[in-house]
Amino acid sequence: GAVVSQHPSWVICKSGTSVKIECRSLDFQATTMFWYRQFPKQSLMLMATSNEGSKATYEQGVEKDKFLINHASLTLSTLTVTSAHPEDSSFYICSATGHDYEQYFGPGTRLTVT
Amino acid sequence: EDQVTQSPEALRLQEGESSSLNCSYTVSGLRGLFWYRQDPGKGPEFLFTLYSAGEEKEKERLKATLTKKESFLHITAPKPEDSATYLCAVQYTGGTSYGKLTFGQGTILTVHP
């Protein structure tokens, strides 16, 4: 149990375009979902926290207009990187937590902006 | 300021050579401490959650322990397939983000055959 999926697993886009990444909890209802980014050889950096039906809470320094988060249901959250630039290239990982507070991670999405 | 520090940054072991990874934290109001394993290009894989000092959990060759200031991940007789980055994360009761995890920088473990 406690499986989280992400789609796509990798994506290449051109500078200036937008990219949407989906995060789904497959076998449990996620009260809260989190979005992280990870640069090579670095640890995970939390970008934002989202609760179903509420606006996301962004960490300091994360542009909310650039990284749009929607948490439409208890099993789906999406991250849209708007007007992507090469510096947005990174590994984006989502996680989901249910009522047991334990956090389960998706497999990640590799974004490359050319 | 809440901090999570892992040591060493990298650890190279021979197969069968037992060792420990350390995670120290300065978090007030600890709710739980988490250990994850991360393979290159993949998301973190959940290993353990520890909630109170004195608690221990085991899974195969791994054993996690918790004190009031730090946690240890003991690896007994490691195998090459145990090679990965091990991440420690702390969840605290305060703050505005429910369930938020603060991660350490990780320990890169390499086990040579």
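Residues numbered from 1 in each chain as written. Chains lettered and ligands numbered in written order. Predicted model: local features only at pLDDT ≥ 70, side-chain atom pairs only at ≥ 80, totals over all residues. Heavy atoms only, no water.

Draft legend 1. A look at the side chain of Q6 of chain B. Residue and element names in this part refer to chain B. By the element assignment, Q6 lies in strand β1 (residues 3-7). Under the relative-accessibility criterion, Q6 is labelled buried at 7%. From its side chain, Q6 meets the backbone oxygen of Y86 in a polar contact 2.9 Å long. Within polar-contact distance, the side chain of Q6 engages the backbone nitrogen of C88 at 2.9 Å. Residues within four places of Q6 in sequence aside, it is in contact with N22, C23, W35, Y86, L87, C88, G104, Q105, G106 and T107. (Helix = DSSP H or I, 4+ residues; strand = E, 2+ residues; numbered from the N terminus. Buried < 20%, exposed > 50% of the residue type's maximum accessible area, 1.4 Å probe, protein only. Polar contact = N/O pair within 3.5 Å; in protein donor to acceptor, adjacent residues only side chain to side chain. Contact = heavy atoms within 4.5 Å.)

Draft legend 2. Layout of the sheet that holds strand β7 (residues 62-66) of chain B. Residues and elements named next belong to chain B. Ordered in space as β1-β3-β8-β7-β6, the five strands form an open sheet in which the pairing is antiparallel. Among the strands making up the open sheet, the edge pair consists of β1 and β6 (56-59). Sheet twist, expressed as the mean angle between neighbouring strand axes with direction ignored, is 15°. (Pairing = 2+ DSSP bridges. Axes fitted to C-alpha atoms, helices over the stretch in contact; angles between N-to-C directions.)

Draft legend 3. Representation of the interface of chain A and chain B within the structure. Between chain A and chain B, the contact holds 21 residues from the first and 21 residues from the second. When residues of chain A are sorted by the area they lose upon contact with chain B, S43, Y101 and E102 of chain A head the list and together hold 32% of the total. One can count one salt bridge joining chain A with chain B. Across the pair E59 of chain A and K100 of chain B runs a salt bridge whose closest N-O atoms are separated by 2.9 Å. Mapped by element, the contributors of at least two residues to the side of chain A that touches chain B are β4 (32-38), β5 (45-51), β9 (90-97) and β10 (103-105) of chain A. Looking at the side of chain A that touches chain B element by element, the count peaks at four residues for β4 of chain A. Classifying every residue of the side of chain A that touches chain B by side-chain character gives 10 nonpolar, seven polar and four charged. (Buried area = accessible area lost by both parts, 1.4 Å probe. Salt bridge = Lys/Arg side-chain N within 4 Å of Asp/Glu carboxyl O. Nonpolar A, V, L, I, M, F, W, Y, C, P; charged D, E, K, R; others polar.)

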